[in-house]
Amino acid sequence: MIREHPGEAWAAPLSLRPAQTPAQQELTTLLLAVNYELLGYPPAEAWMFADREMSTASGSLDG
């Protein structure tokens, strides 16, 4: 799988720039959630943190 995609395709979702397409946003959220799970967070919290990071990275504010 790594050979099929250039390095930029893997690095772009990990940078916290707002994704341009819904597919890119979903991939970025998934990668963030996986990173949180690898750090030891339960899946529900990992997704919550990933969603929160994506919403703040795209410029929206929580309330």
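About the thresholds
Starting afresh in each chain, residues are numbered from 1 along the sequence in its written order. Residues qualify for local features only when their pLDDT is at least 70, as the model is predicted, and side-chain atom pairs are given and counted only at 80 or more; totals for whole chains, interfaces and linings, by contrast, use all residues. With hydrogens and water excluded, all non-hydrogen atoms of the structure serve as input to the side-chain values. Secondary structure elements are taken from DSSP: a helix is a run of H or I of four residues or more, a strand is a run of E of two residues or more, and numbering for both begins at the N terminus. Between buried and exposed lies partly exposed: a residue is buried under 20% and exposed over 50% of the maximum accessible area for its type, with that area taken using a 1.4 Å probe on protein chains only. Any two residues having at least one pair of non-hydrogen atoms within 4.5 Å are treated as being in contact. A pair of aromatic rings is counted whenever rings of Phe, Tyr or Trp (Trp by its six-membered ring) have centres within 6.5 Å, and the orientation is called stacked for planes under 30 degrees apart, edge-to-face for over 60 and tilted otherwise. Multiplying one less than the number of residues by 1.5 Å gives the expected span of a helix. The arc in question is formed by the directions pointing from the helix axis toward the C-beta atoms.

(A) Up close: the overall build of the protein chain. The number of helices and strands found in the protein chain is 3 helices and 0 strands. Counting helices and strands in the order they occur from the N terminus, the protein chain gives α-α-α. By residue count, 17% of the 63 residues in the protein chain fall in the buried class. Within the protein chain, counting contacts between residues at least 6 apart in sequence, those at least 24 apart form 19% of the total.

(B) Spatial organisation of the packing of aromatic side chains. Enumeration over the complete set of coordinates arrives at 3 aromatic pairs. For the pair Tyr36 and Phe49, a centre-to-centre distance of 5.4 Å together with 50 degrees between the ring planes defines the contact as tilted. Of this pair, Tyr36 sits in helix α2 (residues 22-38) while Phe49 sits in helix α3 (residues 43-57), and the two are 13 residues apart along the sequence. Here Phe49 falls in the partly exposed class, since its relative accessible area comes to 22%. Taken together, a centroid distance of 5.1 Å and an interplanar angle of 80 degrees make the contact between Tyr41 and Phe49 edge-to-face. Site record: aromatic cluster; members linked through ring pairs are Tyr36, Tyr41 and Phe49.

(C) View of α2. Taking 1.5 Å of rise per residue, the 17 residues of α2 would be expected to cover 24 Å, and the 24 Å separating its terminal C-alpha atoms lies within 8% of that figure. Buried within α2 are the following residues: Thr28, Thr29, Leu32, Ala33 and Tyr36. For α2, the buried positions fall inside an angular range of 135 degrees around the axis, keeping them on one side. Residues of α2 that are exposed and angled more than 90 degrees away from the buried face: Ala23, Glu26 and Leu38. Backbone geometry just downstream of α2 places Gly40 in the positive-phi region, at approximately 110 degrees.

(D) The arrangement of the environment of Tyr36 in detail. Judged by its relative accessible area of 18%, Tyr36 is buried. Measuring from C-alpha to C-alpha, the distance between Tyr36 and Met48 comes to 9.8 Å, with 12 residues separating the pair along the chain.

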